[in-house]
Amino acid sequence: MADVVNAGLRRRYAAEMRFRFCGLMAVAVSLAMLGVLFSSILGSGLGAFQQTRISLDITFDASVIDPDGARDVGALSDADYDALVKTALRDLFPDVQARRDRRELYSLVSTGAAYQLRDMVLADPLLIGKTVRVDVLASADMDMLAKGNIARDIPESARRVSDQEIAWFDHLSDTGRISRVFNQTLFTAGDSRQPELAGIQGALIGSLLTLAVTLALSFPIGVGTAIYLEEFAPRNRWTDLIEVNINNLAAVPSIVFGLLGLAVFLQVFGLPRSAPLAGGLVLTLMTLPTIIIAARTALKSVPPSIREAALGMGASKLQMIFHHVLPLAMPGMLTGTIIGMAQALGETAPLLMIGMVAFVADVPGWITDPSTVLPVQIYLWADSPERAFVERTSAAIIVLLGFLIVMNAAAVLLRKKFERRW
């Protein structure tokens, strides 16, 4: 009999060991895949946080910038600053005479260099008539070449830069005119057709405005709904039907909410397309079920003795809820709300349906201005063929993942700090 029992125990222990081994392998494989994902994104996107610049000796020729000498702001703004950049490049390479070769020479520098010189003159008109060494933006192709993202050992026809452009760039590098600095443009500019001028500031502000609208609407509505269903609503088939529908809405694909927003908010109420107001309303519909479920769970976690003690001391039902139950349930509600906001931050499909996929170069100033959000910006850049946009796509993903990690960490910290165990 003992042998039979021991054999059974050995089989049970062996089965347990196999199960634990499978669980550990599953965790290891998951961590390995996560490591591959993060290493791929970081490897592709970290380079976008640096930007290549070319030092040019710019002569702020008064005959080009301000021929009348009136220092009129309008005239200074409309001056041909691109001609100053071209003159500086020709002075560095005087042997370049052919028109085609000069076009290639001018392509070493970004088109944004002219705007940089304009801003310098508007800030300090005393520059007019002087020659100053200025670090201007290199073009996207030169930036990729400097970072090693364009192979030099392949045929000239198979790459975006010619052998002549590489020779010019190497000459500039040998003479100390090439430098790499932190890419402020990535965080201080909106979208652009030119990769070296494209930034995520517009998408960041659009995301913040959209989340502000979502939070302002979803949190009070969700908490109010949870309080009513948990504390006031009678238990009948109607409330059961409402609870079932709330649970079902939490599993509805997000694009369905986008279609609802397109049909109701845009076509019926006439809200502006591609605006944080419409996007916030759509994301409110999507996050409400999550917040309601989390808030109801938090209310249920408060022991009945708290309610009974408050009522026994003469408090009304409203006083019992708002003075005793709600403060104790608030940490769980905030945790659920932050998780819902993190989910809304990463959504793309519902916002595409309401037109937030449009190219928006300006930074939005209010919830009714045209804007985009980070996930949609990533989607747009990922569809661009230029190699520099691939780098910026990964950089935007890094920023988005950073926001998501911060929001989820805040939810965990709130629960750890304020959670009460009964």
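Residues numbered from 1 in each chain as written. Predicted model: local features only at pLDDT ≥ 70, side-chain atom pairs only at ≥ 80, totals over all residues. Heavy atoms only, no water.

**Considerations on the overall build of the protein chain**
Part 1: Looking only at helices and strands, the protein chain features 18 helices and three strands.
Part 2: Rg of the C-alpha trace for the protein chain: 30 Å, well past the compact-globule value of 22 Å for 422 residues, more than 25% over.
Part 3: Across the 422 residues in the protein chain, those meeting the buried criterion constitute 42%.
Part 4: A separation of at least 24 residues holds for 77% of the contacts in the protein chain among residues at least 6 apart in sequence. (Helix = DSSP H or I, 4+ residues; strand = E, 2+ residues; numbered from the N terminus. Rg over C-alpha atoms; globule rule 2.2 N^0.38 Å. Buried < 20%, exposed > 50% of the residue type's maximum accessible area, 1.4 Å probe, protein only. Contact = heavy atoms within 4.5 Å.)

**A word on the UniProt feature "transmembrane region" (unreviewed entry) in the protein chain**
Part 1: In the numbering adopted here, UniProt assigns the feature "transmembrane region" (unreviewed entry) to residues 21-49, 203-229, 249-271, 277-299, 320-345 and 395-414.
Part 2: The distance from the first to the last C-alpha atom of residues 277-299 is 30 Å, and the span holds 100% helix and 0% strand. (UniProt positions renumbered as here; feature names shortened; annotations may be inferred.)

**Examining the sheet that holds strand S2 (residues 131-137)**
Part 1: Taken together, three strands build an open sheet; the order of strands is S2-S1-S3 and the sheet is antiparallel. Of all strands in the sheet, those bounded by a partner on one side alone are S2 and strand S3 (178-182). Averaged over all pairs of adjacent strands, the angle between their axes in this sheet comes to 40 degrees, without regard to strand direction. (Pairing = 2+ DSSP bridges. Axes fitted to C-alpha atoms, helices over the stretch in contact; angles between N-to-C directions.)

**Observations regarding helix H1 (residues 2-45)**
Part 1: Its 44 residues give H1 an end-to-end C-alpha distance of 64 Å, which sits within 8% of 64 Å, the value for a rise of 1.5 Å per residue.
Part 2: Listed as buried for H1 are Gly-8, Ile-41 and Gly-45. (Expected span 1.5 Å × (residues − 1).)

**Concerning the environment of Leu-374**
Part 1: For Leu-374, the position within the fold is in helix H17 (residues 374-382).
Part 2: Sequence-wise, Leu-374 and Gly-202 are 172 residues apart; in three dimensions their C-alpha atoms are separated by 8.7 Å.
Part 3: If near-sequence neighbours (up to four positions away) are discounted, Leu-374 is found in contact with Ile-200, Ala-203, Leu-204, Ser-207, Ala-396, Val-399, Leu-400 and Phe-403.

**What about the pattern of salt bridges?**
Part 1: On inspection of all chains with the given rule, the structure shows 13 salt bridges.
Part 2: Between Glu-230 and Arg-296 there is a salt bridge; the shortest N-O distance is 3.0 Å. Of this pair, Glu-230 sits in helix H10 (residues 201-232) while Arg-296 is found in helix H13 (residues 276-301), placing the two residues 66 residues apart along the sequence. As far as the burial class goes, Glu-230 and Arg-296 line up, both buried.
Part 3: The shortest N-O distance in the salt bridge between Glu-243 and Arg-296 comes to 3.0 Å. In this pair, Glu-243 is assigned in helix H11 (residues 237-249) and Arg-296 in helix H13, connecting sequence segments 53 residues apart.
Part 4: Shared partners join several salt bridges into a network, and the residues in it are Asp-143, Lys-147, Glu-391 and Arg-392. (Salt bridge = Lys/Arg side-chain N within 4 Å of Asp/Glu carboxyl O.)

**Section: the environment of Leu-271**
Part 1: Along the polypeptide, Leu-271 turns up in the loop between helix H12 (254-266) and H13.
Part 2: Aside from chain neighbours lying at most four places away, what touches Leu-271 is Phe-265, Leu-266, Leu-277, Ala-278 and Leu-281.

**Thoughts on the packing of H10 against helix H15 (residues 317-345)**
Part 1: Contact geometry for H10 and H15: axes closest at 9 Å, N-to-C directions at 140 degrees. In terms of orientation, H10 lies oblique with respect to H15. For H10 against H15, the interelement crossing comes out right-handed.
Part 2: Its residues assigned to classes, the contact of H10 with H15 comprises 17 nonpolar, four polar and two charged. (Parallel < 35°, antiparallel > 145°, perpendicular 65-115°, else oblique. Left-handed = near helix turned anticlockwise from the far one by under 90°. Nonpolar A, V, L, I, M, F, W, Y, C, P; charged D, E, K, R; others polar.)

**Overview of the side chain of Thr-284**
Part 1: Looking at where Thr-284 falls in the secondary structure, it is placed in helix H13.
Part 2: For Thr-284, a relative accessible area of 5% translates into the label buried.
Part 3: Residues in contact with Thr-284, not counting those within four places in the same chain, are Val-213, Thr-214, Leu-217 and Ser-218.

**Here we look at the domain arrangement of the protein chain**
Part 1: Assigned domains within the protein chain: domain 1 (50-182) and domain 2 (200-418).
Part 2: The C-alpha-based centres of domain 1 and domain 2 are spaced at 46 Å.
Part 3: Taken together, the seven residues of domain 1 in the interface contact five residues of domain 2.
Part 4: Summed over both sides, the interface of domain 1 with domain 2 buries roughly 440 Å², with 50% coming from carbon and sulfur.
Part 5: Per-residue buried area on domain 1 facing domain 2 is highest for Met-144, Asn-149 and Arg-160; these three make up 65% of the total on that side.
Part 6: Counting every contact that joins domain 1 to domain 2 gives one salt bridge. (Domains from an automatic or database assignment. Buried area = accessible area lost by both parts, 1.4 Å probe.)

**Side note on unusual backbone geometry**
Part 1: The backbone of Ser-274 shows a phi angle near 55 degrees, a positive value even though the residue is not glycine.
Part 2: Inspection of the secondary structure assignment puts Ser-274 in the loop between H12 and H13.

**Topic: the packing of helix H5 (residues 99-106) against helix H8 (residues 163-174)**
Part 1: Running from N to C, H5 and H8 point in directions that differ by 50 degrees, and their axes come no closer than 10 Å. As the angle between them shows, H5 and H8 are arranged oblique. The interaxial crossing formed by H5 with H8 has right-handed handedness. For the pair H5 and H8, contact is made by Asp-101, Glu-104 and Leu-105 and by Gln-164, Glu-165 and Trp-168, respectively.
Part 2: Of the residues belonging to the contact of H5 with H8, the class tally is two nonpolar, one polar and three charged.

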